[in-house]
Amino acid sequence: MKPVSLLFVIGLGAAVVAAGCGKKTPQTIAPVANADSAAAAERARADSAAAAQAEADRRAREEAERVARQREADSLAALGRNTEAVRSTLASMIHFDYDKSNIRSDDAGTLDQKVAILQANPELRIRIGGHCDERGSDEYNLALGNRRAQAAKQYLVSHGIDGSRIETQSWGEERPLVDGHDETAWSQNRRDEFEIIGGGDNLHQP
Amino acid sequence: MAGRRSGGLALGIAVVLLTAGPRVHLSAQDTSRIDRGVRIGIIYRPGVRPGFVLLPRQVGGLDSARSIIARDLDYSDRFEVITLPGGDSIRLASTTPPPVRGQATARPTAGGGAQAATLNYPLYQALGADFALDLTLAGDTAVATLHDIAAGGVRRAIRARLPAAGQPDFRQAVHRVADQILQAALGTPGIGATRVLFVKDGKVYQIDQDGAEQKLVSASDRQAMSPAWASDGRRFAYMEFQAGRGQLFVQEMASGKRTPVATTGKALDFTPAFSPDAQTLAFSRATEEGTDLYTINLKDNCCLRRLTVGRFSDNLSPTFSPDGQRIAFVSTRPGLPQIYVMAPDGTDQQLFAPFDYGVTGSSNAPEWSPDGQSVAFHRDVAGTLQVFVLDVRTRTVRQLTSVGRNEDPTWAPDSRHLAFVSDRSGYRQLWIIDLDTGRIRPLLQQSGARLPAWSPRLPEATSSTP
């Protein structure tokens with residue numbers, strides 16, 4: 001009897017652990033009252049095992065639900081905050097050198113964050129808008145802005161994001177972010193902007 | 001006044017020397033007696049340009065036409081326009097008194113019927129004049145009599161019916177007279193009857209080459225860019241830009257009716273350019289593959305054809321040679337945009353405007369001259385843009401501008417004037433430069449004008465108001 005019960009308790013504990021709850025508290029099982037007959041004992045043992053198994057299942061299920069609820073609660077509680085934070089990260093611009101469309105090394109981290117966000121939010125679709133400063137040629141800047149948008153898209157695609165989730169646009173120099181006719185303004189105007197065009201209602205942190 | 005006939009010579013000289021008189025339109029820069037003295041001194045030094053005298057007349061109704069013609073002749077930069085001091089006549093031939101009404105203070109103008117006019121040619125020759133123009137009005141017909149001073153006779157009398165001053169057609173009709181005068185004098189037509197399209201506040205405007213009659217020609221909620229004339233002067237193409245897309249249109253000048261160019265508008269289509277026969281429109285299209293050159297058959301508004309496959313470089317801003325056998329364009333294949341040239345089917349692509357790799361800045365906005373000999377463009381020099389001209393035959397470039405930022409040059413039909421955008425006055429506006437003399441004048445003193453396109457010589461029909 002004893003060794004069997006002990007084994008059973010151990011097994012139950014293992015089952016609980018195996019249920020993935022990670023709960024450390026050992027389960028205490030009330031032993032079933034001894035029966036005189038071996039058959040009764042056998043039956044009782046079977047009943048006990050079944051009951052214990054059911055209990056374990058129930059607890060495991062409850063724990064899984066609790067974890068799920070907790071996750072959901074965490075998510076709901078942080079959803080607004082998270083979505084805003086993710087949107088903000090996603091919207092952070094990258095910048096370019098004069099007359100250039102290559103991704104600057106200091107902007108790679110910014111794009112890596114967007115890769116992670118896009119991976120964590122498979123429904124998310126974005127549009128990249130390439131912009132130029134007023135110094136270059138008006139018409140050439142339409143081509144340059146296109147290159148700048150494409151450069152960011154290619155970076156994201158090369159890091160595993162499906163290209164169909166990313167649209168691109170060129171604005172040339174037609175929509176400056178900062179008015180002004182000096183390098184301070186120009187450097188801010190040579191940029192890619194990132195805009196959510198779908199799947200952005202609830203965003204998860206990577 | 002009694003000596004109107006017989007004492008003309010003495011009186012005329014007296015007028016030259018003594019009177020301050022009313023200013024002539026031509027002589028705005030000459031406002032002091034000292035300046036006049038300098039001017040007269042210049043007359044005795046023969047210049048490279050023929051001297052031109054526009055004979056003053058105090059004839060009601062013609063002053064406007066007269067000043068338009070005077071300005072056209074001046075702006076042609078082909079003459080040394082000789083200003084007669086005092087703004088009054090030193091004409092010495094005197095036939096019948098001019099039909100002056102209500103001009104009690106009129107000076108003793110020695111005018112008369114053009115047909116009867118003769119001049120004291122030796123005197124005008126002494127003043128440095130090669131040509132003298134007498135402009136008279138007979139009813140609604142203007143008679144412009146061009147005197148050849150050296151030959152001592154009338155070179156040509158041009159008659160033109162003019163609409164009433166203030167009518168929409170009036171100025172263009174006068175400009176055409178000026179162009180005929182220039183043709184008669186030098187054998188080459190003028191650029192009086194031309195206009196410049198430009199973009200301001202996202203809309204396309206036109207303005208006469210003398211800065212008059214600015215008018216809106218295309219407006220919508222979308223932002224317009226890159227107007228380009230068809231060589232017949234009856235149509236122009238332009239691009240409407242919205243949300244990263246560009247659609248091309250062809251618009252008729254006279255009616256204002258516009259037609260979307262087939263296949264454009266789904267991507268970013270820009271920088272349209274007509275082939276010389278106006279059967280083909282070349283343009284740039286930006287896609288995820290980059291920017292490349294395409295053509296559309298305008299006659300059937302169909303049949304997209306791709307001319308370049310840039311892959312890792314962009315190709316844009318096409319401009320046809322006037323014989324239609326070449327297209328100059330911008331390519332970024334050397335890393336920065338530079339001027340290239342190819343056959344109109346996209347073959348035989350090669351560098352056109354030489355540059356020093358790693359030294360020369362970006363070169364953009366090429367436009368082939370109407371005579372085929374030059375391509376104007378702008379190039380980044382020390383962080384700002386300057387206008388350059390490529391000599392097609394020798395493939396050498398020369399820098400035309402150095403003051404301020406100067407960009408987007410466009411050729412006048414005489415292939416010696418360029419309109420361009422410059423901030424030399426403190427803000428961006430349109431200017432005109434004469435390549436032969438280097439003379440620069442403002443075309444439009446308004447901020448924000450850009451992307452000018454100078455028309456060919458305009459046919460009469462297009463001068464009517466849409």
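Keep in mind the model is a prediction, meaning the values are calculated, not measured.

Caption draft 1: Molecular detail of the overall build of chain A. Helix and strand counts for chain A stand at five helices and four strands. Each of the 206 residues in chain A was classed as buried or not, and the buried ones make up 27%. Looking at chain A alone, contacts between residues at least 24 apart form 73% of all its contacts between residues at least 6 apart.

Caption draft 2: The arrangement of the overall build of chain B in detail. Helices and strands together make up the secondary structure of chain B, namely five helices and 29 strands. Expressed as a percentage of its 466 residues, the buried residues of chain B come to 47%. Within chain B, counting contacts between residues at least 6 apart in sequence, those at least 24 apart form 48% of the total.

Caption draft 3: Structural detail: the sheet that holds strand β26 (residues 417–422) of chain B. Residue and element names in this part refer to chain B. Overall, antiparallel pairing links the four strands, which are arranged β25-β26-β27-β28 in an open sheet. Looking along the sheet, the strands with just one partner apiece sit at the ends: β25 (406–411) and β28 (440–444). Each adjacent strand pair in this sheet contributes to an overall mean axis angle of 30 degrees, direction not counted. One ladder, built from four bridges, connects β25 with β26; its direction is antiparallel.

Caption draft 4: Spotlight on helix α4 (residues 140–158) of chain A. For α4(A), spanning 19 residues, the distance from its first C-alpha to its last is 27 Å, which sits close to the expected 27 Å at 1.5 Å a residue. Burial runs high along α4(A): 16 of the 19 residues are buried.

Caption draft 5: Up close: unusual backbone geometry. Residue and element names in this part refer to chain B. Within the chain, Glu213 stands out as a residue other than glycine whose phi angle is a positive 55 degrees. The residue Glu213 is located in the loop between β7 (203–208) and β8 (215–218) in this model. Of note in the backbone geometry, Ala382 takes a positive phi value of approximately 55 degrees without being a glycine. As for its placement among the helices and strands, Ala382 is situated in the loop between β22 (374–381) and β23 (384–391).

Caption draft 6: Fine view of the pairing of strand β13 (residues 268–274) of chain B. When you tally the buried positions in β13(B), you get seven out of seven residues, the bulk of the element. Hairpin remark: β13(B) followed by strand β14 (residues 280–287) of chain B, antiparallel, with five residues in the connecting loop; positive phi at B:Ala278, about 60 degrees.

Caption draft 7: Structural view of the interface of chain A and chain B. Contact residues are listed per partner, giving 17 residues for chain A and 26 residues for chain B. If you list the elements that add at least two residues to the side of chain A that touches chain B, you get α4 and β3 (166–172) of chain A. Counting residues per element, the side of chain A that touches chain B draws most heavily on α4(A), at six residues. Looking at side-chain class alone, the side of chain A that touches chain B contains four nonpolar, eight polar and five charged residues.

Caption draft 8: View of the domain arrangement of chain B. Residue and element names in this part refer to chain B. Looking at the assigned domains, one finds that chain B contains domain 1 (2–99 + 112–186) and domain 2 (195–463). Elements with a minimum of two residues in the side of domain 1 that touches domain 2: α3 (63–75) and α5 (170–186). Its residues assigned to classes, the side of domain 1 that touches domain 2 shows one nonpolar, one polar and five charged.

Caption draft 9: Spatial organisation of the packing of helix α3 (residues 105–120) of chain A against α4(A). All names here are of chain A. Where α3 meets α4, the closest approach of the two axes is 10 Å, and the angle between their N-to-C directions is 55 degrees. In this view, α3 runs oblique relative to α4, as classed from their interaxial angle. As for how α3 packs across α4, the hand of that crossing is right-handed. Along the contact surface, α3 presents Leu111, Lys114, Val115 and Leu118, while α4 presents Ala152, Tyr155 and Leu156. Partitioning the contact of α3 with α4 into residue classes produces six nonpolar, no polar and one charged.

Caption draft 10: Seen up close, the confidence of the model for chain B. All names here are of chain B. The pLDDT averaged across chain B works out to 80; a share of 80% of its residues lies at or above 70. Across residues 462–466, where pLDDT falls below 50, the model places 15 contacts with residues more than four positions away in sequence or in other chains. Note on the complex model: pTM 0.76, ipTM 0.80.

Caption draft 11: Fine view of α5(B). Residue and element names in this part refer to chain B. With 17 residues, α5 extends 25 Å between its outermost C-alpha atoms, agreeing within 8% with the 24 Å of an ideal straight helix rising 1.5 Å per residue. Among the 17 residues of α5, twelve are classified as buried, and the element is accordingly described as predominantly covered. Three or more residues of α5 are buried, namely Arg171, Gln172, Val174, His175, Arg176, Val177, Ala178, Asp179, Gln180, Ile181, Leu182 and Ala185. Immediately beyond the C-terminal end of α5, within one or two residues, lies Gly187, with a positive phi of roughly 80 degrees.

Caption draft 12: A look at the nonpolar core. Residue and element names in this part refer to chain B. Of all hydrophobic cores here, the largest spans 81 residues; its most connected members are Val196, Ala237, Tyr238, Ile339, Val375, Leu390 and Leu430. Ranked by residues supplied to this core, first place goes to strand β10 (residues 235–242) with five residues. Formed by 32 residues, the second largest nonpolar core is a distinct cluster that contains Val81, Tyr124, Ala142 and Ala144.

Caption draft 13: Molecular detail of the sheet that holds β22(B). Residue and element names in this part refer to chain B. On the basis of which strands lie adjacent, the open sheet formed by four strands has the order β21-β22-β23-β24 and antiparallel pairing. Since the sheet does not close on itself, it has two edges, and those belong to β21 (363–368) and β24 (396–399), each with one partner. Each strand axis lies, on average, 30 degrees off the axis of its neighbour in the sheet, ignoring direction. Sheet analysis places β22 next to β23, joined by eight bridges and oriented antiparallel. Across the sheet, residue Asp380 finds its bridge partner in β23, namely Leu385.

Caption draft 14: Just the environment of A:Arg191, in detail. Residues and elements named next belong to chain A. With respect to the secondary-structure elements, Arg191 resides in strand β4 (residues 191–198). Along the backbone, Arg191 and Leu90 are 101 residues apart, and their C-alpha atoms lie at a distance of 14 Å. Filtering out sequence-adjacent residues up to four positions away, Arg191 remains in contact with Met93, Ile94, His95, Phe96, His131 and Leu177.

Caption draft 15: Local environment of the environment of B:Arg176. Structurally, B:Arg176 can be placed in helix α5. In this structure, the C-alpha to C-alpha distance between B:Arg176 and B:Ile191, residues 15 residues apart in sequence, is 8.7 Å.

Caption draft 16: Broad picture of the confidence of the model for chain A. Residue and element names in this part refer to chain A. Taken as a whole, chain A shows an average pLDDT of 81; of its residues, 77% reach a score of 70 or greater. Element-level mean pLDDT values for chain A span from 47 in helix α1 (residues 2–18) up to 96 in strand β1 (residues 94–95). Low pLDDT, under 50, characterises residues 1–25; the predicted model gives this stretch 23 contacts beyond four residues in sequence or across chains.

Caption draft 17: Local environment of the environment of A:Leu144. Residues and elements named next belong to chain A. Mapped onto the elements, Leu144 comes out in helix α4. A residue is classified by how many C-beta atoms lie within 10 Å of it, and Leu144, with 31 of them, is buried. For the pair formed by Leu144 and Gly130, sequence separation is 14 residues and the distance between their alpha carbons is 7.9 Å. Among residues more than four places away in sequence, those in contact with Leu144 are Ser101, Cys132 and Gly136.

Caption draft 18: Spatial organisation of the pairing of β25(B). Of all six residues in β25(B), six are buried, a share of seventy percent or more. Once β25(B) ends, the chain turns through five residues before running back antiparallel as β26(B), passing B:Ser415 with a positive phi of about 60 degrees.

About the thresholds
- Sequence order sets the numbering: in each chain, residues are counted from 1 along the sequence as written.
- Whichever chain is written first is A, and whichever ligand is written first is 1; the rest continue in order.
- Local features in this predicted model are restricted to residues of pLDDT 70 or higher, and side-chain atom pairs are both shown and tallied only at a pLDDT of 80 or more, whereas totals for entire chains, interfaces and linings draw on every residue.
- In this text, helices come from DSSP runs of H or I with a minimum length of four residues, and strands from runs of E with a minimum of two, each type numbered from the N-terminal end.
- The exposure label follows from counting other C-beta atoms within 10 Å of a residue's C-beta, where the C-beta atoms are placed from the backbone and the thresholds are 20 or more for buried and 12 or fewer for exposed, leaving partly exposed in between.
- Placing C-beta atoms from the backbone, we regard two residues as in contact once those atoms come within 7 Å.
- Paired strands are those between which DSSP finds at least two bridges.
- Only C-alpha atoms enter the line fits that serve as axes; for helices the fit covers just the stretch in contact. Angles between N-to-C directions range over 0 to 180 degrees.
- The span you would expect from a helix comes to 1.5 Å times its residue count less one.
- In this classification, Asp, Glu, Lys and Arg are treated as charged, Ala, Val, Leu, Ile, Met, Phe, Trp, Tyr, Cys and Pro as nonpolar, and every other residue, Gly included, as polar.
- These domain boundaries are the output of an automatic or database domain assignment.
- By the definition adopted for this analysis, an angle is roughly parallel if under 35 degrees, roughly antiparallel if over 145, roughly perpendicular if from 65 to 115, and oblique otherwise.
- For any pair of crossing helices, the crossing counts as left-handed if the nearer helix is rotated counterclockwise from the farther one by less than a right angle, and right-handed if it is rotated clockwise.
- For every residue, the predictor assigns a confidence score, pLDDT, that lies between 0 and 100.
- By definition, a nonpolar core groups buried Ala, Val, Leu, Ile, Met, Phe, Trp, Tyr and Cys residues that connect through C-beta atoms lying within 7 Å of each other.

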